[in-house]
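Structure assessment
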Amino acid sequence: MTSTNDKNIATVLHLSALTQYMIPFGNYIFPIVIWSSKKGESEFIDYNGKQVLNFQLSIFIYSVVLCLIAIPIFIYTIFQNVPVDAWFHDDNFVFNHFRMTHFNGVALIGIAAVFLFVFLKAVEFILIILAAVKTSNGEEYKYPFSIPFFK
């Protein structure tokens, strides 16, 4: 039987990942601090701390992969028809060379990566709230698509 205190700490542990919207890297800092200070007191807190960190690290890896897909594609799409000498000798560089007529099928992959990133962040928010609710009820929650870095 899990104590109310353990449930509350585990719930705060999950919700602390939402600090990423106020503090850069808060989704890593606060869960690590809470988990490392309380993991020896309860297996329930230890399990939930590992789940939060595994999920946040997985989301980071998925985000990096999507950025590595989207950014080079957008740079290529924007600059594919711009001559190199125009970068240095053209006063109206932006107005003369950036048009949507250079939009091609490869750019769709970049747009899809951006939409996947936005979808990933929305799902992350929803799953964090769901995990906090399940944990407050005393259930052990395992995030979907989470890579088990900490076992």
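Note that the coordinates shown come from a computational prediction; the quantities given were computed from them, not determined experimentally.

Re the layout of surface pockets
In this structure, the largest pocket occupies an estimated 210 Å³ of space. Lining of the largest pocket is provided by F55, I59, Y62, L66, L116, F119, L120, V123, L127, P144 and F145. Contributions of two or more residues to the lining of the largest pocket are made by α3 (43–79) and α6 (105–136). Looking at which element gives the most residues to the lining of the largest pocket, the answer is α6, with 5 residues.

Examining the pattern of salt bridges
A full pass over the atoms with the stated rule returns 4 salt bridges. A salt bridge links K50 to D46; its shortest N-O distance comes to 3.3 Å. Here K50 and its partner D46 are both found in helix α3, 4 residues apart, which amounts to about one turn of the helix. K50 sits in the buried class, given a relative accessible area of 19%. One salt bridge in this structure joins E124 and K121, with 2.7 Å as the shortest N-O distance. Of this pair, E124 and K121 are both found in helix α6, 3 residues apart, which corresponds to roughly one turn of the helix.

Description of the nonpolar core
If you look at the biggest cluster of nonpolar residues, it comprises 19 residues, and the most contacted ones within it are L13, V52, F55, L127, I128, Y141 and Y143. Secondary structure elements with two or more residues in this core: α1 (4–15), α3 and α6. Ranked by residue count, the leading element in this core is α3, at 7 residues.

Reading the values: rules and limits
- Residues numbered from 1 in each chain as written.
- Predicted model: local features only at pLDDT ≥ 70, side-chain atom pairs only at ≥ 80, totals over all residues.
- Heavy atoms only, no water.
- 1 Å grid on protein atoms, 1.4 Å probe; cavity = no way out; pocket = protein on both sides within 12 Å on 5 of 7 lines; lining within 4 Å.
- Points joined across faces, edges and corners; volume = space filled by probe spheres on them.
- Helix = DSSP H or I, 4+ residues; strand = E, 2+ residues; numbered from the N terminus.
- Salt bridge = Lys/Arg side-chain N within 4 Å of Asp/Glu carboxyl O.
- Buried < 20%, exposed > 50% of the residue type's maximum accessible area, 1.4 Å probe, protein only.
- Core = buried A, V, L, I, M, F, W, Y, C linked by side-chain atoms within 4.5 Å.

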